[in-house]
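A structural walkthrough
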Amino acid sequence: MGRGTVVTSSSRMFRVLRILSLQNTLLGATMVIPLGISLVEGSRDIFAFAVALPVTLLINGGLFFFSRKAEGDLSHRDGFLVVSLSWITACLFGSIPFALQPEFGGIASAVFESVSGFTTTGSTILTDIDILPAATLWWRSIIQWYGGMGIIVLALAILPVLGVGGMQLFKAEVPGPTADKLLPRIKDTALALWAIYLGMTLAEAFLLFVAGFSAFDAICHAFTTMATGGFGTHDDSMMTVGNAWTDVIFIVFMGFAGMNFALHFAWLRRGRVKALWEDHEFRVYFGVILVMVALFTGALMLGGVVDSFWMSLRQSAFQVLSLVTTTGYNSADFEAWGVEVPALAYFCFLLLFTGGMAGSTSGGVKIVRLWLIVKLAYRNLFLLIHPRAVMPVKVSNRTVSEEVVSSVTAFLVLYLLVFLLTMAALSFMNYDFLTAATAAATALGNVGPGLGAVGPTDNFAHLPVIGKWLLIVCMLLGRLEIYTLLILLVPEFWRH
């Protein structure tokens, strides 16, 4: 019995190792582009990519060769393990080009920047982004784009060729209470998602270029917009480099990125434009954005922060979309708004938790979960009046099972618990309440900027090493939606 368990565990280990090594080999291959850029420009980051590329390829290529004969499908448990380890190992290998450059200031800072990139958080430890070589700026952007749709979803298009099923990974990776396949085969689903993702990225890059961005800046910002990541190529994000037309383009595409990609599939691939308005979550998502934009616009006008209505509307729309979708771009110093109109600081703080729609590239709690909790609260109040009534919770006219309702409730409890513990830990590091609270919220929500010492014009370089590692864990927890990573801490997970 014991011997059989060892054999089974060994087989599972090799299957997991084969998938991880394949994905990281593909990641290493993408380093060819920044290495080429650095060689053409003769920039100082040549050494960083010249070392990172062969190290990543040799280690993972060797591991893949070693585990290439592993056979069998993934179990439900294996799916969680592969997803978690894929993100962790990708972030570690992705940090090598940063760790070999003095601007990133050590291992903890390099890993922080890499994790912030892959998890599409957008927080940075860099104090001067403008001095970075083009190749490094490209790498920061591409890892966000790569992480936006998900490392696992990319691999789903390849795993079937190797005889490894992918639905277990899809369920563990795709955000939201449920993960429905768009097409009968998971490979086709992954390809459809990536086709839409790539198409929107190219469309935004073209429009930004036409609107005045350089080709390089247009591509990099298209990468980080569709990923709802927020890494920019300049220190002040969009505060000085943008214009009215680019702001409108960013607003539209941030809105697209925050939507469920199943809806994009419906209206782009199947021509069902009405599917957008038929989706109740989309209505709530759209409604929250409209209400917040109206509130911010009115507050900026009445508070005398911005004189022009159109400028107020433009800045409000940009910043609300950036926060709700967890993109993290800044077209203005929204922290300064809170000085003139204190209520706006509270609303900015609340938006750090919101997130976009389930099935989008955004982080946060997600609109559908918050909506479900509101519906659950209303049902409980209703049942106090009519205790014998039967009132199921519904979303988009579909009844949500009690299992899903329970899962969402537990998720929110865990989310708030992690937030409170992180905030308390940062407070013990002598950070004020505002900084500690927003740093915890922005890391867990994968947003980027916070308030206080981590505001839109600041960075995270001042964090102590232990603080950086703490937020690294929070960013991974947020990107993997709490359960996928925390389940590895449950003793029963490792029992056969």
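Throughout what follows, the structure given in this document is the object of discussion. Given the structure is predicted, the values throughout are model-derived calculations rather than measurements.

By secondary structure assignment, the location of E204 is in helix 10 (residues 186–210). The side chain of E204 sits in the buried core without any salt bridge; R314 is the nearest counter-charge, 14 Å away. Ignoring any residue separated from it by four or fewer positions in sequence, one finds E204 in contact with H221, A222, T225, M226, I249, F250 and F253.

What follows deals with the packing of helix 20 (residues 402–427) against helix 22 (residues 465–479). Two numbers describe how helix 20 lies on helix 22: the axes approach to 11 Å, and their chain directions differ by 165°. The angle between helix 20 and helix 22 places the two elements in the roughly antiparallel class. Seen from above, helix 20 lies across helix 22 with left-handed handedness. Along its contact with helix 20, which presents V418, T422, A425 and L426, the element helix 22 presents L470, L471, C474 and L477. In terms of residue class, the contact of helix 20 with helix 22 is made up of seven nonpolar, one polar and no charged.

Here we come to the environment of V390. Structurally, V390 can be placed in the loop between helix 19 (367–385) and strand 1 (394–395). Linking V390 and R379, residues 11 residues apart in sequence, is a C-alpha distance of 9.6 Å.

Enumeration over the complete set of coordinates arrives at seven salt bridges. Between D247 and R314 there is a salt bridge, and its shortest N-O distance comes to 2.7 Å. Note that D247 is positioned in helix 12 (residues 244–257) and R314 in helix 16 (residues 309–324), a separation of 67 residues in sequence. Judged by its relative accessible area of 3%, D247 is buried. Assessed through its relative accessible area of 25%, R314 is described here as partly exposed. In this structure, the salt-bridge partner of R379 is E402, at a minimum N-O distance of 2.9 Å.

Together, F206, L207, F209 and V210 make up a nonpolar patch on the protein surface, roughly 420 Å² of accessible area in all. Locating F209 in the fold gives a position in helix 10.

Parameters and conventions
Residues numbered from 1 in each chain as written. Predicted model: local features only at pLDDT ≥ 70, side-chain atom pairs only at ≥ 80, totals over all residues. Heavy atoms only, no water. Helix = DSSP H or I, 4+ residues; strand = E, 2+ residues; numbered from the N terminus. Buried < 20%, exposed > 50% of the residue type's maximum accessible area, 1.4 Å probe, protein only. Lys, Arg positive; Asp, Glu negative; His and termini not counted. Salt bridge = Lys/Arg side-chain N within 4 Å of Asp/Glu carboxyl O. Contact = heavy atoms within 4.5 Å. Axes fitted to C-alpha atoms, helices over the stretch in contact; angles between N-to-C directions. Parallel < 35°, antiparallel > 145°, perpendicular 65-115°, else oblique. Left-handed = near helix turned anticlockwise from the far one by under 90°. Nonpolar A, V, L, I, M, F, W, Y, C, P; charged D, E, K, R; others polar. Patch = residues over 30% accessible without salt bridge, like charges linked within 9 Å, V, L, I, M, F, W, Y side chains within 5 Å. Areas by Shrake-Rupley, 256 points an atom, 1.4 Å probe, with all protein chains shown as cover.

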